[in-house]
Amino acid sequence: MTELMDLGADEKPSRRKRKSKKGGPIIALIVLALVIVCASIGLLLYNQKSDKAAGQSKKTPKTASAKTETAEETQPPAQPASILTGLPVTEEQRNTRPIALMIENTKVTQPQYGTAKAAVIYEAPAEGGITRLMGVFEDYSGLERFGNVRSCRPYFVQMAAEYNAVYVHFGQSIQGQEELDKGYVDELNGLSGIGGTVFYRTQDRKAPHNAYTSTNGLLAGMQAKNFATTYKADEHTHFQFASADQPSVPAGDDCAAVQLYFYDNKPYFVYDAASGQYNRFEFGSPQIDAAANNAQLTATNIILQFTPSSYYDNEHYRMKVDLIGSGSGKFLTRGKIIDITWKKDSETGITHYYDGNGSEIVLNPGRTWISIVEQNAEAKNTYYKTIDEFNNR
């Protein structure tokens, strides 16, 4: 019995061992299968995550590009610039047809009115040693007293034609009338039937120094004559301008002041480095505009144009100034001065100015003052490198 019991006891472990040996491979297979399944799921999840990340990565540049394009599209358009000054203006002002106004420049007419609004100012000898001014204005708004206004000379007609400007004057010389009769400029003349509409005389000065016009008078005159008051500015570009943040500084000599040879008004310019402007003086005082709170006239650019001159045979005191052709001159800006040349092909052609390399000069934004200097008198101009040199002259 004992033996039977012992034998039975011994047999149980033996059976368990066999069962263990039989179940081990199955469990291993199940575990292996689970591992494979888990690995597959993990790999699948990893690939999905990678694909998603890759998709986001691909979309990011498109999103950034879209934002960039949107930002560019929403940027406000650049403000238009004047073709006469290079300064920012409204689109309406840019396309306003300019006027060219003849202005007397004698001692008795000081101060003048409205001159500070000029985009370009010409100064040229007339007769008897005096000079006459012609302002080119794209903005002549808000002026009740403008001038005074004096008579035409033929070379000023040719200057006005360069800008397709309405030429405004009060009378003319014989030669001036001959030039006007060629019909290549629109004109408002104080001695014509339109005179009373455009001009008036003041009581504070004696004739002929008291003829003036106004904004309303000019507009009424142009309307009565059916003159265009607007134009397409891009079809009448005249100068090249540097940008305000990258000024044009010619590689020339220093020039802090220049004294011009005109012996009646004895004009000169003094450079102010702080403003980048040349202050204008004549008759021993600052030249001012009474319509602008007595502000002194300034210029950003100065062009001295040396031209041939003579006198008409039948009127020995009337000057003949030859603007058609070519010649030399000087250009001043930013306290520097260089030699230039100029060329004008016809009565209505634009005068082009070139540096020593044959490239058109680049102006700085602002007013340009062009002084017509008789070729035989150019050596009488005096240039000063420093303010001290000028003050000690």
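Chains are numbered independently. Their residues run from 1 in the order of the written sequence. Where local features are concerned, this predicted model is filtered to residues with pLDDT of at least 70; where side-chain atom pairs are given and counted, the filter is 80 or more; whole-chain, interface and lining totals use all residues. The basis for the side-chain values is all heavy atoms of the structure; hydrogens and waters are excluded.

1. Points about unusual backbone geometry
Turning to step 1, where the next piece is worked out: Of the consecutive residues Gln110 and Pro111, the connecting peptide bond is found in the cis state with omega at -5°.
Turning to step 2, where the next piece is worked out: Topologically, Pro111 is positioned in the loop between strand 1 (99-104) and strand 2 (120-125).
Turning to step 3, where the next piece is worked out: Phi is positive for Asn293, which is not a glycine, with a value near 55°.
Turning to step 4, where the next piece is worked out: A run of DSSP states H or I qualifies as a helix once it reaches four residues; a run of E qualifies as a strand once it reaches two. Both are numbered from the N-terminal end. Relative to the elements of secondary structure, Asn293 occurs in the loop between strand 15 (288-289) and strand 16 (295-296).
Turning to step 5, where the next piece is worked out: Here's how the labels work: a residue is buried when its accessible area is under 20% of the maximum for its type, exposed when over 50%, partly exposed in between, all with a 1.4 Å probe on protein chains only. Using a relative accessible area of 76% as the deciding quantity, one classes Asn293 as exposed.

2. A few points about the environment of Ala100
Turning to step 1, where the next piece is worked out: Counting through the fold element by element, Ala100 comes out in strand 1.
Turning to step 2, where the next piece is worked out: Here Ala100 falls in the buried class, since its relative accessible area comes to 0%.
Turning to step 3, where the next piece is worked out: Sequence separation between Ala100 and Val120 is 20 residues; the distance between their C-alpha atoms is 9.3 Å.
Turning to step 4, where the next piece is worked out: By definition, residues are in contact when any of their heavy atoms lie within 4.5 Å. The contact partners of Ala100, leaving out residues within four places of it in the chain, are Met134, Gly135, Ala160, Ala165, Val166, Tyr167 and Val168.

3. Let's talk about the side chain of Thr307
Turning to step 1, where the next piece is worked out: With respect to the helices, strands and loops of the structure, Thr307 is situated in strand 18 (residues 301-307).
Turning to step 2, where the next piece is worked out: For Thr307, a relative accessible area of 1% gives the class buried.
Turning to step 3, where the next piece is worked out: Beyond its immediate chain neighbours, meaning those up to four positions away, Thr307 contacts Val321, Asp322, Leu323, Trp342, Ile372, Val373, Glu374 and Gln375.

4. A closer look at helix 6 (residues 215-224)
Turning to step 1, where the next piece is worked out: Residues Thr215, Gly217, Leu218, Gly221 and Met222 constitute the buried set of helix 6. Here the buried residues of helix 6 occupy an arc of 165° about the axis, which is enough to place them on one side. What points out from helix 6, more than 90 degrees from its buried face, is the exposed set Asn216, Gln223 and Ala224.
Turning to step 2, where the next piece is worked out: Buried positions along helix 6 lie against strand 1, strand 4 (146-147), strand 5 (166-169), strand 6 (187-189), helix 5 (195-198) and strand 8 (211-213).
Turning to step 3, where the next piece is worked out: Asn226, located one to two residues past helix 6, shows a positive phi value of around 60°. Taken from the helix axis, the directions to the C-beta atoms give the arc we talk about.

On their own, these measurements won't tell you what the molecule is for.
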